[in-house]
Amino acid sequence: MSSRDAIAKSFELNDGEHSSVIDELHSLCRIYNLNAEDLKFKWEAFSINMGSIVAPTVGLVRQLKSSLQFEFQQKLQTKSRSEPSNQAPKYGGIAFSIPMEEDTGADILGAFMSNWSGSSAKSNLKKQQEALAPSSILLKQQSKASAELDNRIGANIVDSQFNGHLDLPKQRPNTSANTTVRILQPPIPKYRYMFEKISEKSEGLDEQIEFIGDVIGKHYNVETYANPLKASQSQVTAVGRVCCDSSGVKLNKTSVVLETTRELGMGKRVKLDLKNVEEYSLFPGQIVAVRGTNNTGKAFTVDSIITPPLPPVLPRKEKEIYKYSMESGADNQPVDIVVTSGPYTLDDDLSYKTLGAFIQTCIAQKPDVVILMGPFVPESHPIIASGALDVTPQDVFREQVAKRINNLSTASPSTQILLMPHADDLIHEYPLFPQPQLNKDGLGLGNVQTLSNPSLIEINGSRFAIGNIDILFSMSKEEIFGTIPHQDRLGRLTRHVLEQRSFYPLFPSAIHDSIDSSRFPDLLISESPDFLILPSQLKQFTKKIDDVIAINPGYLSKRRTPGTYARILIHPATELNNNIDGQTKTWERTRIDLVRL
């Protein structure tokens with residue numbers, strides 16, 4: 001495809017009708033060495049500065065050309081001011097210079113010291129550089145807590161168990177991996193963020209209500225939804241999003257409103273009167289159906305709240321799972337999966353001793369799969385946030401994280417290692433949720449596989465839904481609830497995630513979370529997994545939500561103390577189950593240990 005055709009396609013222009021406009025755009029591409037996509041981005045930015053995105057015309061394209069020319073001249077002036085003079089500078093009466101044909105990366109201070117005091121000064125400088133490069137001295141310093149980590153009493157103690165009666169695996173030799181790991185969804189592509197349009201955002205929010213409304217309607221046989229803002233003496237059913245009547249304040253029982261879609265109620269909100277409802281659990285962004293009446297047209301009196309059912313379970317035959325057990329050659333041993341989440345170093349140093357201790361445990365146990373979730377180099381770490389670090393985040397990752405991960409890969413070649421990023425990661429270019437997979441280029445990683453955040457994967461037939469964002473903590477700060485007997489809060493919050501079929505159902509998002517609402521399809525939980533993994537700063541737990549096992553492995557480092565990780569042992573399906581033609585229940589043959597490092 002020629003550059004003119006690419007421009008016409010990118011700008012949706014007809015070559016016959018808009019030939020002069022395409023000529024002007026093609027001229028800009030040639031002058032400033034741009035491709036059609038880059039030019040489209042510059043045009044959209046130029047249009048937004050004018051107030052709205054409009055179709056290009058000859059006059060407007062020439063204005064863009066003037067703008068690009070001005071930017072180009074500014075860069076030239078900045079570059080000329082920053083370039084050093086050709087005249088050799090003098091320090092203390094001694095002139096020194098570096099030949100231009102030599103490597104421009106040569107150390108100027110080294111050249112000066114060599115002229116000043118000969119080769120001995122240059123040798124001393126080299127020793128100093130070797131002591132600091134490629135990692136900062138801060139990476140080698142250990143706090144008292146980190147220094148005591150190797151001699152701690154009670155390492156790798158099981159904190160809690162699920163199905164603790166199931167056996168632990170036997171020690172396995174270092175053989176090639178027999179475990180099958182499959183990515184069940186396309187990786188999240190790179191996208192432009194901070195570019196949301198209000199119209200598209202509102203359409204996306206409406207689509208979420210309509211989607212959950214259809215789910216509730218099909219499950220509870222609700223044929224039509226009524227407009228809850230209209231006065232009605234008879235009981236009706238409406239659907240919408242739970243919101244607070246005032247921004248910036250916490251939701252409470254008297255401030256709950258229901259936001260409708262533009263089709264159902266013109267996007268307006270109606271106050272919900274919950275005096276007739278004793279048991280409820282609500283949070284901003286939750287999509288529910290309500291039954292009740294609106295006698296006055298001012299408030300909707302709720303008789304019952306209808307929440308969506310859990311996502312459907314994809315039918316799988318026991319013999320399909322049994323097939324994995326036979327093909328793996330594992331001699332009826334369980335699939336051993338270890339899951340952990342960052343931070344991987346304590347708050348008072350960057351020695352990453354907790355990660356080192358965890359890797360040594362994995363080398364000793366030789367699990368089939370290790371899932372490491374970020375943040376690996378967190379922006380919020382006190383030392384990094386203070387600006388004291390004098391190396392790049394990539395240097396920290398290569399020196400402290402990649403080397404240890406590669407050691408595990410070498411010592412246990414049968415172990416498959418999966419990495420998932422976090423929005424707080426400085427080594428990732430997307431500081432928000434969802435995220436494309438980590439780019440391994442320049443990070444020094446060997447035989448590892450990277451995952452998008454969130455991801456849906458399958459390990460020997462068992463399905464894992466993994467979302468590396470602390471949605472449970474954010475929801476816990478916003479949730480309100482009535483009297484709900486015999487139900488724990490952590491399990492209830494996890495059920496909300498499954499019912500809303502989203503890794504992040506909270507809206508508006510928490511102040512510490514950055515969410516791109518245009519990527520709603522990437523956050524969708526379309527089917528019930530066997531395992532739902534949601535790392536959180538809340539207390540680590542394992543919960544059975546119907547047939548889904550929800551796991552919070554906790555953080556490997558908790559401020560100034562070692563944290564926790566999860567060990568998942570999925571025993572093989574056997575013919576002794578007498579259920580070969582039925583659906584398997586993974587939770588019945590799974591043991592989970594939450595281990596304190």
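Rules of the game
The residue count restarts for each chain, going from 1 along the sequence in the order it is written. This being a predicted model, a pLDDT of at least 70 is required before a residue's local features are given, and a value of 80 or more before pairs of side-chain atoms are given or counted; all residues contribute to the totals for chains, interfaces and linings. Side-chain metrics rest on all non-hydrogen atoms present in the structure, leaving aside hydrogens and water. Paired strands, in this sense, are two strands between which DSSP finds at least two bridges. Numbering of helices and strands runs from the N terminus, with a helix taken as a DSSP run of H or I at least four residues long and a strand as a DSSP run of E at least two residues long. Axis geometry follows a simple rule: fit a line to the C-alpha atoms, using only the stretch in contact for helices, then measure angles between N-to-C directions, giving values from 0 to 180 degrees. The term salt bridge refers to a side-chain nitrogen of Lys or Arg lying within 4 Å of a carboxyl oxygen of Asp or Glu. Note on classification: 1.4 Å probe, protein chains only; a residue is buried when its accessible area is under 20% of the maximum for its type, exposed when over 50%, partly exposed between these limits. Put simply, a nonpolar core is a bunch of buried Ala, Val, Leu, Ile, Met, Phe, Trp, Tyr and Cys residues held in one set by side-chain atoms that sit within 4.5 Å of each other. Roughly parallel refers to an angle under 35 degrees, roughly antiparallel to one over 145, roughly perpendicular to one between 65 and 115, and oblique to any angle outside these ranges. Less than a right angle of anticlockwise turn of the near helix away from the far helix marks a crossing as left-handed, whereas a clockwise turn marks it as right-handed. Residue contacts are defined here by distance: any two heavy atoms, one from each residue, within 4.5 Å place the two residues in contact. Amino acids are sorted into nonpolar (Ala, Val, Leu, Ile, Met, Phe, Trp, Tyr, Cys and Pro), charged (Asp, Glu, Lys and Arg) and polar (every other residue, Gly among them). Each pair of aromatic rings taken from Phe, Tyr and Trp, with Trp reduced to its six-membered ring, is defined by centres within 6.5 Å and is described as stacked if the planes are under 30 degrees apart, edge-to-face if over 60, and tilted in the remaining cases. The span you would expect from a helix comes to 1.5 Å times its residue count less one. Nitrogen and oxygen atoms within 3.5 Å of one another constitute a polar contact, given that in protein one can donate a hydrogen and the other can accept it, and given that sequence-neighbouring residues count only through two side-chain atoms.

Caption draft 1: Structural detail: the sheet that holds strand β10 (residues 299-306). Reading around the barrel, the 5 strands line up as β5-β6-β7-β10-β9 and close back on themselves, with mixed pairing between neighbours. In this sheet, adjacent strand axes meet at a mean angle of 55° when their direction is disregarded. Looking at chain direction, strand β5 (residues 232-244) and strand β9 (residues 287-294) are connected through 7 bridges and run antiparallel. Opposite Arg241, over in β9, you have Ile287 as the bridge partner.

Caption draft 2: Layout of the pattern of salt bridges. In total, this model carries 23 salt bridges according to the counting rule given. Across the salt bridge formed by Arg262 and Asp206, the nearest N and O atoms sit 3.0 Å from each other. Taken together, the positions of Arg262 in helix α9 (residues 262-265) and Asp206 in helix α8 (residues 198-220) put the pair 56 residues apart, joining distant regions of the chain. Of the residues examined, Asp206 reaches a relative accessible area of 11% and is grouped as buried. With its nearest N and O atoms 2.7 Å apart, the salt bridge here joins Arg492 to Glu479. Here Arg492, found in helix α15 (residues 489-499), pairs with Glu479, found in the loop between α14 (471-478) and β17 (480-481); they are 13 residues apart in sequence, far enough to count as distant. Pair check on accessibility: Arg492 and Glu479 agree, each one buried.

Caption draft 3: Fine view of the nonpolar core. In this structure, Phe358, Leu372, Phe397 and Leu419 are the most contacted members of the largest nonpolar core, which totals 38 residues. Listing elements by their share of this core, those giving two or more residues are α11 (353-365), β12 (369-373), α12 (382-385), α13 (393-411) and β13 (416-420).

Caption draft 4: Representation of the packing of helix α1 (residues 3-11) against helix α2 (residues 19-32) within the structure. Taken N-terminus to C-terminus, the directions of α1 and α2 make an angle of 115°; their axes are 10 Å apart at the nearest point. It follows from the interaxial angle that α1 and α2 lie roughly perpendicular. In this structure, the crossing between α1 and α2 has a hand that is right-handed. Residues Ser3, Arg4, Ile7, Ala8 and Phe11 of α1 pack against Ser19, Ile22, Asp23, Leu25, His26 and Cys29 of α2. Looking at the contact of α1 with α2 residue by residue, the class counts come to 6 nonpolar, 3 polar and 2 charged.

Caption draft 5: Broad picture of the packing of aromatic side chains. Scanning the model with the defined rule gives 6 aromatic pairs in all. Ring geometry for Tyr344 versus Phe376: centroids 5.4 Å apart, planes at 5°, classification stacked. Placement of the pair is Tyr344 in the loop between β11 (335-341) and α11 and Phe376 in the loop between β12 and α12, with a sequence separation of 32 residues. The pair formed by Tyr344 and Phe376 is uniform in burial state, with each residue classed as buried.

Caption draft 6: Structural view of α11. For α11, which comprises 13 residues, the first-to-last C-alpha distance of 18 Å matches the rise-based estimate of 18 Å (1.5 Å per residue) to within 8%. When you tally the buried positions in α11, you get 10 out of 13 residues, the bulk of the element. Within α11, the full set of buried residues consists of Lys353, Thr354, Leu355, Gly356, Ala357, Phe358, Ile359, Thr361, Cys362 and Ile363. Immediately beyond the C-terminal end of α11, within one or two residues, lies Lys366, with a positive phi of roughly 50°.

Caption draft 7: Examining the packing of α11 against α13 more closely. Taken N-terminus to C-terminus, the directions of α11 and α13 make an angle of 5°; their axes are 9 Å apart at the nearest point. Accordingly, the angle class assigned to the pair α11 and α13 is roughly parallel. Of the residues in α13, those touching α11 at Leu355, Gly356, Ile359, Cys362 and Ile363 are Gln400, Val401, Arg404, Asn407, Leu408 and Ala411.

Caption draft 8: Expanded view of unusual backbone geometry. Here the bond from Gly374 into Pro375 is cis, since omega is 10°, no more than 30 degrees from zero. Along the polypeptide, Pro375 turns up in the loop between β12 and α12. Following Phe507, the chain continues to Pro508 via a peptide bond in cis, the omega torsion being 0°. Note on placement: Pro508 falls in the loop between α15 and β18 (531-533).

Caption draft 9: View of the sheet that holds strand β23 (residues 564-570). An order of β3-β24-β23-β11-β12-β13-β14 is seen for the 7 strands of this open sheet, with the pairing classed as mixed. Here the strands that pair on one side only, and so sit at the sheet edges, are β3 (157-162) and β14 (449-450). Sheet analysis places β11 next to β12, joined by 5 bridges and oriented parallel. Looking at β12, one finds that Ser341 is bridged to Met373.

Caption draft 10: Inspection of the environment of Ala145 at higher detail. As for its placement among the helices and strands, Ala145 is situated in helix α7 (residues 144-147). Separated by 203 residues in the primary sequence, Ala145 and Asp348 place their C-alpha atoms 8.5 Å from one another. Not counting the four nearest positions on each side in its chain, Ala145 is found in contact with Leu346 and Arg560.

Caption draft 11: Examining the side chain of Glu44 more closely. Note that Glu44 resides in helix α3 (residues 36-50). Within the structure, the side chain of Glu44 is placed 2.8 Å from the side chain of Arg192, a separation counted as a polar contact.

Caption draft 12: Spotlight on the pairing of β5. For β5, the tally of buried residues reaches 10 of 13 residues, placing the bulk of the element in the interior. Looking at chain direction, β5 and strand β6 (residues 256-259) are connected through 4 bridges and run antiparallel. Each bridged residue has a counterpart across the sheet, and for Cys244 the counterpart in β6 is Val256.

Caption draft 13: Broad picture of the side chain of Ser455. Tracing the backbone shows Ser455 in strand β15 (residues 455-459). When its relative accessible area of 3% is taken as the criterion, Ser455 is described as buried. Within polar-contact distance, the side chain of Ser455 engages the backbone oxygen of Ser452 at 2.6 Å. With residues up to four places along the chain from it excluded, the contact list for Ser455 reads Gln185, Met420, Phe464, Ala465, Ile466 and Phe503.

Caption draft 14: A look at the environment of Leu389. Relative to the helices and strands, Leu389 resides in the loop between α12 and α13. Leu389 gets classed as buried once you look at its relative accessible area, which sits at 18%. Taking the C-alpha atoms as reference points, Leu389 and Ile137, 252 residues apart in sequence, are found 9.0 Å from one another.

Note that every value here comes from positions in space, so none of it alone points to a role or purpose.
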